[in-house]
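Residues per chain are reported as follows:
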Amino acid sequence: MELPFAESWKIKMVEPIRKSTRAEREQWIKEAHYNVFQLKAEQVYIDCITDSGTGAMSDRQWAAMMMGDESYAGASSFFRLKETITRITGFNYVVPTHQGRAAENVLFSYLIKPGDVVPGNSHFDTTKGHIESRKAFAIDCTIDEAKDTQLEIPFKGNVSPEKLEKTLIENKGKVPFIVVTITNNTAGGQPVSMQNLREVRAIADKYGIPVLFDSARFAENAYFIKTREEGYADKTIKEIVKEMFELADGMTMSSKKDGLVNMGGFIATRREDWYEGAKRFCIPFEGYLTYGGMNGRDMDALAVGLDENTEFDNLETRIKQVEYLAQKLDLYGIPYQRPAGGHAIFVDASKILTNVPKEEFPAQTLTVELYLEAGIRGCEIGYILADRDPVTRENRFNGLDLLRLAIPRRVYTNNHMDVIAAALKNVFDRREQITHGVKIVWEAELMRHFTVQLEPVK
Ligand SMILES: *Cc1c(COP(=O)(O)O)cnc(C)c1O
């Protein structure tokens, strides 16, 4: 008989987790103002709030940490990291930062002026925040198909070439760069095809505009190109990654995702002007150029993590686990953004809590219900995350309203996936009885989802 699929690693160290009672959870979520970001981690049984910085490092990464050089300037850890990034991406200028948004802050401080327009595919929340806080505009040029959660196409994260070109024509002289997010997190962890990256490059070249890849999950994107796009089945992940980055001028990176570390980020580019511009802001915001907010040991762990996660086996183990959870949800008929993305399942709350009006935030309501059901913490990627329109200050209800279950890398087993699926099924079975959502009682102006305070609508 054919042998089943199994993980490409075994476990060397464990961390106990604990279940709670429903009564405890009712109290805790109330104290947290119905915002799961305000819960304590110990109040959570299975934590799927994010795959960011929550992964388990390998024995090789922990060993590399012992080699960390903590010199303020010129640390050998930096040069090991830089060599790895250049080898994997082809970019020879590297600026470390303490995480991905810091890379955005440093680079955008140089690149973006008030009134600028930055087109992209479903800008990530911090990316949008760093554009809008500079009084510039993030224009979403994602393909329309991404909005139909039930449509099954291989590269749902793609940029629409028509929308992109239209944006460039309408905003001549105001576009400092195009940002392509790989994979497209906000649209459901959906990949962007090599073909699409080539189309974006061609349009960018036609109008003389540089291209930045927001690269948090570039390795997962390469896995999908290998397994879904014609002509790539026989290429290695590292070959595909190289080919992807040849189509960009530079990248911002949250190393907390595909870097397999708990903290870190960087900017990498082939453009000397971007590097010189970023340097000026790195020093006051992040630190000197050979550490940029990172410990030497953490740069060493990141170098090894980037190497490990651009190998097929590691990516296959991860993405197959996400697929496993998706198959369970299929069994129960629970709708989610199809096909399953690389790092998470995005449950389509608006199709489940049909009795909760959009003004009462269905995806946030579902997030709270799942926590109450079994202590599982997902997070809302929907109307609260979308923030208000910077001009009208109205809530933005034009996107998707999803509950994201992000799967940390190399942390949970498929037994945990079974528990998540069963808990969600229990909520799904009583969906008709859920008729009220939540209302906002306090919110921040930007990136409100982290600190928003809510109350159940009675
Ligand atoms: C996480 C993420 C960021 C921001 O990175 P942080 O390390 O969380 O600051 C930016 N873009 C994308 C696509 C991300 O997933």
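What counts and what doesn't
Residues numbered from 1 in each chain as written. Predicted model: local features only at pLDDT ≥ 70, side-chain atom pairs only at ≥ 80, totals over all residues. Heavy atoms only, no water. Helix = DSSP H or I, 4+ residues; strand = E, 2+ residues; numbered from the N terminus. Contact = heavy atoms within 4.5 Å. Core = buried A, V, L, I, M, F, W, Y, C linked by side-chain atoms within 4.5 Å. Buried < 20%, exposed > 50% of the residue type's maximum accessible area, 1.4 Å probe, protein only. Near = heavy atom within 4 Å. Polar contact = N/O pair within 3.5 Å; in protein donor to acceptor, adjacent residues only side chain to side chain. Areas by Shrake-Rupley, 256 points an atom, 1.4 Å probe, with all protein chains shown as cover. Nonpolar A, V, L, I, M, F, W, Y, C, P; charged D, E, K, R; others polar. Expected span 1.5 Å × (residues − 1). Phe/Tyr/Trp six-rings, centres within 6.5 Å; stacked < 30°, edge-to-face > 60°. Lys NZ or Arg CZ within 6 Å of the ring centre and 35° of its normal.

A. Broad picture of the environment of Ile 139. Among the structural elements, Ile 139 can be located in strand β4 (residues 137–140). Spatially, the C-alpha atom of Ile 139 lies 14 Å from that of Lys 172, the residues being 33 residues apart in sequence. The contacts of Ile 139, once residues within four sequence positions are left out, are Val 117, Val 118, Pro 119, Gly 120, His 123 and Thr 167.

B. Molecular detail of the nonpolar core. Ranked by internal contacts, the top residues of the largest apolar core, which has 55 residues, are Val 180, Ile 182, Leu 197, Phe 213, Phe 218, Met 244 and Leu 306. With residues near it in sequence (within four places) discarded, Met 244 still touches Ile 182, Met 194, Leu 197, Phe 213, Phe 218, Asn 221, Ala 222 and Ile 225. By size, the runner-up hydrophobic cluster in this structure holds 33 residues, among which are Ala 349, Ile 352, Leu 366 and Phe 428.

C. Inspection of the site of the ligand at higher detail. In the vicinity of the ligand, 14 residues are found, and the nearest of them are Gln 99, Arg 101, Asp 214, Ser 254 and Lys 257. Contact between the ligand and Gln 99: an oxygen atom at 2.8 Å from a side-chain N or O atom of the residue. The side chain of Ser 254 places a nitrogen or oxygen atom 2.7 Å from an oxygen atom of the ligand. In isolation the ligand has 370 Å² of accessible area, and contact with the protein removes 98% of it. The element best represented in the shell around the ligand is helix α4 (residues 100–111), accounting for 3 residues. Taken together, the residues that form the shell around the ligand break down as 2 nonpolar, 6 polar and 6 charged.

D. Quick look at helix α14 (residues 362–374). Along its 13 residues, α14 runs 19 Å from first to last C-alpha, staying within 8% of the 18 Å computed at 1.5 Å per residue. Most of α14 sits out of view: 12 of its 13 residues are buried. Turning to α14, its buried residues number three or more, namely Pro 362, Ala 363, Gln 364, Thr 365, Leu 366, Thr 367, Val 368, Glu 369, Leu 370, Tyr 371, Leu 372 and Ala 374. Positive phi appears at Gly 375, one or two residues downstream of α14, with a value of about 75°.

E. Representation of the packing of aromatic side chains within the structure. All chains considered together, the criterion is met by 15 aromatic pairs. With centroids separated by 6.0 Å and ring planes inclined at 45°, the aromatic side chains of Phe 213 and Phe 245 adopt a geometry described as tilted. Here Phe 245 lies in helix α9 (residues 237–245) and Phe 213 lies in strand β6 (residues 211–214), a separation of 32 residues in the sequence. You can call Phe 245 buried: its relative accessible area is 0%. With 5.8 Å between their ring centres and 80° between their planes, Tyr 223 and Phe 224 make a pair best called edge-to-face. Under the relative-accessibility criterion, Phe 224 is labelled buried at 1%. Among the aromatic side chains, those forming a connected cluster through ring pairs are Phe 91, Phe 213, Phe 218 and Phe 245. Note that Lys 226 overlies the ring of Phe 312, its terminal NZ or CZ placed 5.4 Å from the centroid. Sitting over the ring of Phe 428, Arg 431 keeps its end group 3.9 Å from the ring centre.

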